[in-house]
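Below, each chain spelled out in residue letters.
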Amino acid sequence: MRGTDWCRSSAGAALVLATSSDAEHPAESVADGSSKTFWTTTGMFPQELIIGFPKCVKISKVAIQCYLVRTLRIERSISKDPVGFEQCVEKDLQHREGQLQMEEFPLPEFQATYLRFIIKSAFDHFVSVHRVMAEGTAENT
């Protein structure tokens, strides 16, 4: 059985922080469930965004749809506030000209109240992030 995608705004997720802003391509786009909308960075790396969940959730898989991202790190926090992050995974992504990068990270199940996506480097001056996903279930709290 598939779990809920806790990174979607319809599941109660909230964008807590984005290190760059573009009025035509806002960071909130990563949580709308569509690959057609996206957040674009405004140059210089690292860039990051933090997604907050409405409650502590148990995550079993994290995924991202992006373009031109070279190195990505994903971190989690179980704090009430977006602090005390711990690394979940860091990976160099492959670039295919003209195609979205669609990366899944099956991870040992873990708890989180926040996820931080850090784009450490890129294949160009700008990148786009179309969706972030965190599949899992609500904690019984």
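In this text, all values refer to a predicted model and were calculated from it rather than measured experimentally.

How should the overall build of the chain be read in this particular structure?
Summing up its helical and strand segments, the chain has zero helices and eight strands in all. Of the regular secondary structure in the chain, the N- to C-terminal order runs β-β-β-β-β-β-β-β. Taking 14 Å as the expected radius of gyration for a compact globule of 141 residues, we find that the chain reaches 14 Å, a close match to that expectation. Considering only C-alpha atoms, the chain reaches an extent of 45 × 30 × 30 Å along its principal axes. By the burial criterion, 46% of the 141 residues in the chain qualify as buried. For the chain, long-range pairs separated by at least 24 residues make up 76% of all intrachain contacts whose partners lie at least 6 apart in sequence. Of the accessible surface of the chain, which amounts to about 7,500 Å², a share of 49% is contributed by carbon and sulfur atoms.

Looking at this structure, I do not really get the confidence of the model for the chain. What am I missing?
In low-pLDDT regions, the fine details of the predicted coordinates are not to be read closely. Across the chain, the average pLDDT comes to 93, with 97% of residues at 70 or higher. Averaged over each element, pLDDT in the chain is lowest for strand 1 (residues 4–5) (91) and highest for strand 5 (residues 69–77) (97).

I'm lost on the nonpolar core in this one. Help?
Nonpolar side chains in soluble globular proteins tend to end up buried together. Grouped together as the largest cluster of nonpolar side chains are 33 residues, with contacts concentrated most on Ile51, Phe53, Ile59, Leu72, Leu115 and Phe117. Elements that contribute at least two residues to this core include exactly strand 4 (47–67), strand 5, strand 7 (101–122) and strand 8 (128–138). If you tally residues by element for this core, the top one is strand 4, at nine residues. Contacts of Leu72, omitting those with residues within four sequence positions, involve Ile64, Val89, Glu90, Lys91, Leu93, Phe105, Phe117, Ile118 and Ile119.

Any chance you could explain the pairing of strand 8 here in plain terms?
Every regular strand shows the same layout, with side chains that alternate between the two sheet faces. Of all eleven residues making up strand 8, nine are buried, and the element is well covered by its neighbours. When strand 1 meets strand 8, the two strands line up antiparallel, connected through two bridges. Directly across from Asp5, in strand 8, lies its bridge partner Glu135. Note that strand 3 (residues 39–40) and strand 8 share two bridges and pair antiparallel. Within strand 8, the residue paired with Trp39 across the bridge is Val129. Summarising the sheet, strand 4 and strand 8 pair through ten bridges and their orientation is antiparallel. By the bridge assignment, Gln65 is partnered in strand 8 with Arg131.

Teacher, can you tell me more about the environment of Gly33 here?
Secondary-structure assignment places Gly33 in the loop between strand 2 (14–18) and strand 3. Judged by its relative accessible area of 22%, Gly33 is partly exposed. Sequence separation of Gly33 and Ala14 is 19 residues, and the distance between their C-alpha atoms is 13 Å.

How should unusual backbone geometry be read in this particular structure?
Keep in mind that most residues, glycine aside, have a negative phi and that most peptide bonds are trans. A cis amide bond links Phe45 to the next residue, Pro46, at an omega of 10 degrees. By the secondary structure assignment, Pro46 is in the loop between strand 3 and strand 4. Here Leu68, not a glycine, exhibits a phi torsion of approximately 75 degrees, which is positive. Here Leu68 is to be found in the loop between strand 4 and strand 5. Leu68 sits in the buried class, given a relative accessible area of 12%.

Calculation criteria
Residues numbered from 1 in each chain as written. Predicted model: local features only at pLDDT ≥ 70, side-chain atom pairs only at ≥ 80, totals over all residues. Heavy atoms only, no water. Helix = DSSP H or I, 4+ residues; strand = E, 2+ residues; numbered from the N terminus. Rg over C-alpha atoms; globule rule 2.2 N^0.38 Å. Buried < 20%, exposed > 50% of the residue type's maximum accessible area, 1.4 Å probe, protein only. Contact = heavy atoms within 4.5 Å. Areas by Shrake-Rupley, 256 points an atom, 1.4 Å probe, with all protein chains shown as cover. pLDDT = per-residue confidence, 0-100. Core = buried A, V, L, I, M, F, W, Y, C linked by side-chain atoms within 4.5 Å. Pairing = 2+ DSSP bridges.

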